[in-house]
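Here is how the chains run, residue by residue.
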Amino acid sequence: MLFSQDLDSIKGILLDLDQQNLKLRDQIMPTVKQFGFGSPAMDSLDRLIQKFDSSALAVVMSIIDKHGWLGKSEIGDTGNRVLFITIQHALDSEIRKTYFPLLKKSVEIGESNPAFAATMIDRMLVQEGKDQIYGTQSRMVNGKLESFPIKDYSNVNERRKEVGLPEL
């Protein structure tokens, strides 16, 4: 059983990870604009982000492995989002496959945002070379953001609406 001080401690850890994540990722566009996407400066920032993601992943996996996928009523919206983002950013796709059922159950009981599950499903499908369902995954092609292929594109906005995502 988790006590409120345990949850407060976990929430504090997750909020700190969120601030560190934002601080690093807020540097991406200014670095790209100033030095270019393939620049040594961007490569250096990429390495810092990967190092952060790796250490954050170890912390988040430890929390989930010990306490399950904590919902927003337990650790707040931000803490819950940090669980999702950290697992979503994992380089190893098997990690998403492992933790997705826990996220899905959390969504089903109203403790996590349905858009989190939709986004993770899309990422897993794209990594398997399949069409995504919700259109959440994109890539840079010739300097422009391009969506990966979307299954049944004509109905994608209906599906997006169901999970709280804006229209494409």
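Residues numbered from 1 in each chain as written. Predicted model: local features only at pLDDT ≥ 70, side-chain atom pairs only at ≥ 80, totals over all residues. Heavy atoms only, no water.

Asks: Explain the pairing of strand E1 (residues 138-141) here, please?
Replies: Where a strand is regular, its side chains alternate between the two sheet faces. Direction of pairing for E1 relative to strand E2 (residues 144-147): antiparallel, over a ladder of 4 bridges. Counted as the bridge partner of Arg139 is Glu146 from E2. (Pairing = 2+ DSSP bridges. Helix = DSSP H or I, 4+ residues; strand = E, 2+ residues; numbered from the N terminus.)

Asks: For this particular structure, what's the right way to read the packing of aromatic side chains?
Replies: Any pair of aromatic rings gets described here by the distance separating the centres and the angle formed by the planes. Throughout the structure, instances matching the rule amount to 1 aromatic pair. Geometrically, the ring pair formed by Phe84 and Phe116 is stacked, given 4.5 Å between the ring centres and 0 degrees between the ring planes. Placement of the pair is Phe84 in helix H4 (residues 72-88) and Phe116 in helix H6 (residues 114-127), with a sequence separation of 32 residues. Judged by its relative accessible area of 11%, Phe116 is buried. (Phe/Tyr/Trp six-rings, centres within 6.5 Å; stacked < 30°, edge-to-face > 60°. Buried < 20%, exposed > 50% of the residue type's maximum accessible area, 1.4 Å probe, protein only.)

Asks: Is there a simple way to explain the layout of surface pockets in this structure?
Replies: To locate leftover empty space, one rolls a probe as large as a water molecule over the atoms. Approximately 980 Å³ is the volume found for the largest pocket. Considering the residues around the largest pocket, the lining is formed by 23 residues, among which Arg25, Ile28, His89, Arg123 and Ser138 are closest to the centre. Elements represented by at least two residues in the lining of the largest pocket include exactly helix H3 (40-67) and E1. In terms of residue count, H3 provides more of the lining of the largest pocket than any other element does, 8 residues in total. Taken together, the residues that form the lining of the largest pocket break down as 10 nonpolar, 7 polar and 6 charged. (1 Å grid on protein atoms, 1.4 Å probe; cavity = no way out; pocket = protein on both sides within 12 Å on 5 of 7 lines; lining within 4 Å. Points joined across faces, edges and corners; volume = space filled by probe spheres on them. Nonpolar A, V, L, I, M, F, W, Y, C, P; charged D, E, K, R; others polar.)

Asks: I keep staring at empty space enclosed by the protein and nothing clicks. Help me out?
Replies: As enumerated under the stated definition, the model contains 1 cavity of 30 Å³ or more in all. Here the largest cavity is characterised by a volume of approximately 90 Å³. As for the largest cavity, its lining consists of Leu17, Asp18, Asn21, Arg25, Phe52, Asp53, Ala56, Val82, Ile85, Thr86 and His89. For the lining of the largest cavity, the elements supplying multiple residues, two or more each, are helix H1 (4-25), H3 and H4. Looking at the lining of the largest cavity, the element that brings in the most residues is H1, giving 4 residues. Partitioned by chemical class, the residues of the lining of the largest cavity number 5 nonpolar, 3 polar and 3 charged.

Asks: What's the story with the environment of Glu146 in this structure? I'm lost.
Replies: Within the fold, Glu146 resides in strand E2. Considered as a pair, Glu146 and Glu108 are 38 residues apart in the sequence and their alpha carbons are 31 Å apart.

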